[in-house]
Amino acid sequence: MTSITPTDSASCLCCSGKPYADCCQPLHNGEQHALTAEQLMRSRYSAFATNNPDYLLATWDTSTRPKSVDCDLDNVQWQQLEIIETKKGTQADNKGVVHFKAYHTLNGKQQVLNEISRFVKKSSHWYYLDGTVKSIQNQNQNTNTGKNAPCSCGSGKKYKRCCGKT
């Protein structure tokens, strides 16, 4: 298994627009805890992308936690996280729902995971409870007519600046 460690100044893999050092790194290092369900969702996405199963297990509610998590980066490359909607999940709540799309390449094929995840807060810490996968779709690469065309993942970026990065 390969591990990816973003530099402190690099943009966080969760697509927040913040540097990794100011976003998910303090959560991954245990220096801070997520304040909202969305923040935990973003940090868990980054944990998948950086092959950090220990963080994923630590932030998974014990009632639904598996014995292990496979972040096999040999077959999947996480590219973008898009938060569609959040319900509750604020600092004042004890439950939250985050609907997201995670764009990735699996075995060389572009795909998007569309999931609704549930979160619970216990003893002032947010935990992932479970998720319902709405769909896993292959991205139709035939709609992309070149490196300057809009990326098929829906990011709004050019293909060469998004999923076509080499």
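Residues numbered from 1 in each chain as written. Predicted model: local features only at pLDDT ≥ 70, side-chain atom pairs only at ≥ 80, totals over all residues. Heavy atoms only, no water.

Draft legend 1. How the structure looks around the sheet that holds strand S3 (residues 109-122). Taken in spatial order, the four strands line up as S1-S2-S3-S4 in an open sheet, and their pairing is antiparallel. Each edge of the open sheet carries a strand with a single partner, namely strand S1 (76-88) and strand S4 (125-138). Taking the axes of each pair of neighbouring strands and ignoring which way they run, one obtains an average angle of 25° across the sheet. (Pairing = 2+ DSSP bridges. Helix = DSSP H or I, 4+ residues; strand = E, 2+ residues; numbered from the N terminus. Axes fitted to C-alpha atoms, helices over the stretch in contact; angles between N-to-C directions.)

Draft legend 2. Inspection of the confidence of the model for the protein chain at higher detail. Averaged over all residues, the pLDDT of the protein chain equals 84, while 77% of them reach at least 70. Considering only residues more than four positions removed or in separate chains, one finds that residues 141-145, a stretch of pLDDT under 50, has five contacts. (pLDDT = per-residue confidence, 0-100. Contact = heavy atoms within 4.5 Å.)

Draft legend 3. Up close: the layout of surface pockets. Roughly 490 Å³ of volume is contained in the second largest pocket. Contributing to the lining of the second largest pocket are 24 residues, with Phe-48, Trp-78, Phe-100, Leu-113 and Glu-115 lying nearest its centre. Among the secondary structure elements, those contributing two or more residues to the lining of the second largest pocket are helix H2 (37-49), S1, strand S2 (95-106), S3 and S4. The residue inventory of the lining of the second largest pocket, partitioned by class, reads 16 nonpolar, four polar and four charged. (1 Å grid on protein atoms, 1.4 Å probe; cavity = no way out; pocket = protein on both sides within 12 Å on 5 of 7 lines; lining within 4 Å. Points joined across faces, edges and corners; volume = space filled by probe spheres on them. Nonpolar A, V, L, I, M, F, W, Y, C, P; charged D, E, K, R; others polar.)

Draft legend 4. The nonpolar core, seen in detail. Among the nonpolar cores identified, the biggest contains 21 residues, and Leu-40, Met-41, Val-69, Phe-100 and Phe-119 are the most heavily contacted of them. Counting residues per element, the ones that place at least two in this core are H2, helix H3 (53-58), S2, S3 and S4. It is H2 that provides the largest number of residues to this core, a total of five residues. Phe-100 has contacts with Met-41, Leu-81, Glu-82, Ile-83, Ile-84, Leu-113, Asn-114, Glu-115 and Ser-117, leaving out every residue within four places of it along the chain. Listed in part, the five residues of the second largest apolar core include Cys-12, Tyr-20, Cys-23 and Cys-24. (Core = buried A, V, L, I, M, F, W, Y, C linked by side-chain atoms within 4.5 Å. Buried < 20%, exposed > 50% of the residue type's maximum accessible area, 1.4 Å probe, protein only.)

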